[in-house]
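Observations on the three-dimensional arrangement
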Amino acid sequence: MGFIRNSLPGRDGYRMPGEFEPQDRIWMIWPERPDNWREHALPAQKAYADVARAIAAFEPVCMLASPDQMERAENAFLNVPDVEVIEMSSDDAWIRDTGPSFVVNDKGGLRACDWRFNAYGGDVDGLYQPWDQDDALAGKICDMLGIDRYRADFILEGGSFHTDGEGTILTTEMCLLSQGRNPGLTKEQIGQRLCAYLGAEKVIWIPDGIDPEETNGHVDDVACFVRPGEVACIREENPDSPFYQASQKALRVLEQSRNARGRKLKVHPVCCPKYPVRLPEDYEVESSGHAIPRNPGELCAASYLNFLIVNGGVIVPQYDDPNDEVALRQIAAMFPDRQTVGVRTREIVYGGGNIHCITQQQPRVCHA
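This write-up is about the structure you can find in this document. (Residues numbered from 1 in each chain as written. Predicted model: local features only at pLDDT ≥ 70, side-chain atom pairs only at ≥ 80, totals over all residues. Heavy atoms only, no water.)

Thoughts on the overall build of the chain
Within the chain, the regular secondary structure consists of 10 helices and 16 strands. The C-alpha radius of gyration computed for the chain amounts to 19 Å, which stays within 12% of the reference 21 Å derived for 368 residues, consistent with globular compactness. Considered along the principal axes of its C-alpha atoms, the chain spans approximately 50 × 45 × 45 Å. Evaluated residue by residue, the chain yields a buried proportion of 61% over its 368 residues. Within the chain, counting contacts between residues at least 6 apart in sequence, those at least 24 apart form 74% of the total. Of the roughly 14,700 Å² that the chain leaves accessible, carbon and sulfur atoms contribute 45%. (Helix = DSSP H or I, 4+ residues; strand = E, 2+ residues; numbered from the N terminus. Rg over C-alpha atoms; globule rule 2.2 N^0.38 Å. Buried < 20%, exposed > 50% of the residue type's maximum accessible area, 1.4 Å probe, protein only. Contact = heavy atoms within 4.5 Å. Areas by Shrake-Rupley, 256 points an atom, 1.4 Å probe, with all protein chains shown as cover.)

Structural data, given as structure tokens:
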């Protein structure tokens with residue numbers, strides 16, 4: 001098993017399934033980086049564990065942990081048999097972006113896209129260095145699973161796109177056209193590569209994300225597929241909100257878009273938190289010179305859209321905000337056949353991401 005050379009997933013009959021399709025397990029990484037997570041990551045570890053336990057009520061979780069963190073991670077799940085802790089090192093804990101994006105065919109085949117990763121912008125505006133362990137992570141997971149992978153010839157992260165599994169991709173111009181990723185490629189070329197790797201036919205480009213200083217605007221804070229032909233999108237109605245412009249642009253694009261099969265999209269709006277989430281005044285991380293500083297009062301990309309769809313459930317961020325319950329009701333209405341579960345994730349947001357960012361689904365393969 002190893003690299004597949006001189007071919008692409010779409011050419012080989014592979015596609016990335018929609019997140020709402022059946023899954024085999026969820027992958028996560030145990031956080032520890034003291035220059036990104038406060039108090040040596042202890043509050044973040046509790047939040048990650050809460051997310052993992054919520055997922056484990058629906059399907060198995062594989063939690064990767066460095067050698068130094070194995071004991072702590074294992075102790076967090078002593079009474080949770082459906083969370084398996086596996087020793088594997090990484091630079092940080094964003095497996096959506098650094099792990100494999102799995103693809104399947106209709107004959108029971110499972111492979112993966114191994115994206116090139118440069119910590120969200122490399123020397124231009126990357127968030128940390130070095131990032132070599134993160135760039136190697138997808139390959140190590142594929143080797144452990146014994147599956148082949150396609151090593152991408154361009155830079156992106158798994159949180160920068162969503163797929164409906166039927167030929168349509170969502171992404172943002174702010175992210176994939178950023179100067180720190182693929183400045184030598186045009187928008188058309190990037191779109192073609194996305195389709196070739198994900199087994200798709202059409203890319204819907206949303207202008208902006210809501211976290212330009214973190215990921216350059218990943219789409220998974222803004223919009224996602226609920227099922228083929230239906231998308232969820234943040235809707236901010238307060239013109240004074242920092243997310244208002246991005247929200248309104250995304251809604252306009254999606255309301256005017258059709259999917260790869262020519263179907264006009266049905267758009268489900270989801271509210272934003274009533275009060276923007278900011279780093280607390282007592283938030284301190286270690287200064288290492290290898291990661292961007294996190295300063296008290298900075299705006300966080302707190303979105304209810306950064307949820308994870310699992311078998312029979314949806315795991316949704318909560319912020320102790322008046323709109324938490326509103327968002328849960330809105331999301332539950334989109335998924336009448338799934339249980340909607342809220343998890344408090346402020347500590348994860350403080351580090352730059354959320355539930356979708358810290359998870360990666362491995363699809364269930366259907367044997368012919």
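Right, picking up where we left off after that structure.
Structural notes on the sheet that holds strand β14 (residues 313-318)
A sheet is described by the order of its strands in space; here three strands give the open sequence β13-β14-β15, paired in mixed fashion. On the outer flanks of this sheet lie β13 (308-310) and β15 (339-344), each paired with one strand and no other. Adjacent strand axes in the sheet meet at a mean angle of 25 degrees, parallel and antiparallel pairs treated alike. Where β14 meets β15, six bridges bridge the pair, whose relative direction is parallel. Residue isoleucine 315 lies in a different strand from β15, and its bridge partner there is valine 341. Sitting on the sheet, helix α1 (residues 42-56) touches β13, β14 and β15, and the angle it makes with β15 is about 170 degrees. Along the sheet face, helix α9 (residues 324-334) touches β14 and β15 and points at about 160 degrees away from the line of β14. (Pairing = 2+ DSSP bridges. Axes fitted to C-alpha atoms, helices over the stretch in contact; angles between N-to-C directions.)

Focus: the sheet that holds strand β5 (residues 110-116)
Taken in spatial order, the three strands of this open sheet run β4-β5-β6, and their pairing is mixed. Bordering the open sheet on either side are β4 (101-104) and β6 (149-155), each of which pairs with just one other strand. Mean inter-strand twist for the sheet, computed between neighbouring axes without regard to direction, equals 30 degrees. Here four bridges tie β4 to β5, and the two strands are oriented antiparallel to one another. The partner of phenylalanine 102 across the bridge, within β5, is alanine 112. Where helix α5 (residues 132-145) meets the sheet, it contacts β4, β5 and β6, and its direction lies at approximately 165 degrees from that of β5. Sheet strands in contact with helix α7 (residues 187-198) are β4, β5 and β6, and its direction is about 170 degrees off that of β6.

Observations regarding the packing of aromatic side chains
Enumeration according to the criterion identifies 12 aromatic pairs in this entry. Pairing tryptophan 30 with phenylalanine 77 gives two aromatic rings, centres 6.0 Å apart and planes at 75 degrees, and the pair type is edge-to-face. Of the two residues, tryptophan 30 sits in the loop between β1 (23-29) and α1 while phenylalanine 77 sits in the loop between α2 (70-76) and β3 (83-87), which places them 47 residues apart along the sequence. Across the pair, phenylalanine 77 and tryptophan 30 agree in class, each one buried. Here tryptophan 37 and tryptophan 94 contribute two aromatic rings whose centre-to-centre distance is 5.4 Å and whose plane-to-plane angle is 35 degrees, an arrangement assigned as tilted. (Phe/Tyr/Trp six-rings, centres within 6.5 Å; stacked < 30°, edge-to-face > 60°.)

Structural notes on the nonpolar core
Among the nonpolar cores identified, the biggest contains 53 residues, and Met28, Ile55, Leu64 and Phe77 are the most heavily contacted of them. The element that contributes the greatest number of residues to this core is α1, accounting for nine residues. If near-sequence neighbours (up to four positions away) are discounted, leucine 64 is found in contact with Trp27, Met28, Ile29, Trp30, Ile86, Met88, Ile95, Leu137 and Ile141. Ala250, Val253, Val277 and Ile309 belong to the second-largest nonpolar core, a separate cluster that totals 46 residues. (Core = buried A, V, L, I, M, F, W, Y, C linked by side-chain atoms within 4.5 Å.)

Quick look at the environment of valine 124
Note that valine 124 resides in helix α4 (residues 122-125). Distance from valine 124 to glycine 180, taken between C-alpha atoms, is 5.1 Å for residues 56 residues apart in sequence. For valine 124, the residues in contact, after removing those within four places along its chain, are Gln179 and Gly180.

With respect to the pattern of salt bridges
Overall, the coordinates contain 21 salt bridges when judged by the stated rule. With a shortest N-O distance of 2.7 Å, lysine 187 and glutamate 173 are connected by a salt bridge. Of this pair, lysine 187 sits in helix α7 while glutamate 173 is found in helix α6 (residues 173-176), placing the two residues 14 residues apart along the sequence. Judged by relative accessible area, which is 27%, glutamate 173 ranks as partly exposed. One continuous salt-bridge network, built from bridges that share partners, spans Asp114, Asp135, Asp143, Arg149 and Arg151. (Salt bridge = Lys/Arg side-chain N within 4 Å of Asp/Glu carboxyl O.)

Read these as layout, nothing more, since geometry by itself doesn't imply function.
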